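Structural characterization, general
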Amino acid sequence: MPASRELFIYYRTRTDDAPALQSAVLALQQRLTALEPGLSARLLRRPEPADGWHTWMETYALPGHADGVSPALEQTIERLAAEALAAFPTTRHVEVFVACAS
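Rules and cut-offs
Residues numbered from 1 in each chain as written. Predicted model: local features only at pLDDT ≥ 70, side-chain atom pairs only at ≥ 80, totals over all residues. Heavy atoms only, no water. Helix = DSSP H or I, 4+ residues; strand = E, 2+ residues; numbered from the N terminus. Polar contact = N/O pair within 3.5 Å; in protein donor to acceptor, adjacent residues only side chain to side chain. Contact = heavy atoms within 4.5 Å. Expected span 1.5 Å × (residues − 1). Buried < 20%, exposed > 50% of the residue type's maximum accessible area, 1.4 Å probe, protein only. Arc of directions from axis to C-beta.

**Considerations on the side chain of arginine 5**
You can see arginine 5 is positioned in strand S1 (residues 5–14). A distance of 2.5 Å separates a polar atom in the side chain of arginine 5 from the backbone oxygen of valine 69. Contacts of arginine 5, omitting those with residues within four sequence positions, involve Asp67, Gly68, Val69, Ser70, Pro71, Glu74, Val96, Phe97 and Val98.

Below, the structure is given as C-alpha cells:
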C-alpha cells in the first residue's frame with residue numbers, strides 16, 4: 001500500500017495583501033473541502049514579515065484515505081488556486097510529503 005500523500009504549498013506575498021489573500025485562500029479551501037469530502041485544509045503564515053513580505057503555507061491531507069491527496073486532486077487544487085489567487089503576484093511551490101507514522 002502506498003504511503004499517504006500530503007501537500008505543503010508555500011509562497012510569499014506583500015504584507016499589504018494579507019487580509020485579501022487570507023480571505024481568498026480560506027474561500028478556496030472551503031470550496032475544495034466541499035468538492036472532496038474528508039479533505040483537511042489549513043492555512044498558515046510566518047508570524048513576522050520579512051522586508052514587507054509574508055510567507056504563507058497551505059496544507060492538504062486526506063486522513064483515512066490510504067493514498068492521501070491523489071495527483072488528480074493536486075491538479076484540481078492548483079487549477080482552482082490559480083483562478084482564486086490570480087490577483088496576487090506570487091509563485092506557489094508545491095511539496096509532496098508522505099506520512100511515516102501517525
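**Some thoughts on helix H2 (residues 71–84)**
Relative to the 20 Å expected for 14 residues at 1.5 Å per residue, H2 spans 20 Å between its end C-alpha atoms, a close match to the ideal helical length. For H2, the full list of buried residues reads Leu73, Glu74, Ile77, Leu80 and Ala81. End-on, the buried residues of H2 take up no more than an arc of 135 degrees, which puts them together on one face. What points out from H2, more than 90 degrees from its buried face, is the exposed set Pro71, Gln75 and Ala82. Residues of H2 that are buried make contact with S1, helix H1 (18–35), strand S3 (53–61) and strand S4 (93–98).

**Remarks on the environment of alanine 27**
Within the fold, alanine 27 resides in helix H1. Given a relative accessible area of 43%, alanine 27 falls into the partly exposed group. Put simply, alanine 27 and alanine 84 are 57 residues apart on the chain and 8.5 Å apart in space, counted from C-alpha to C-alpha.

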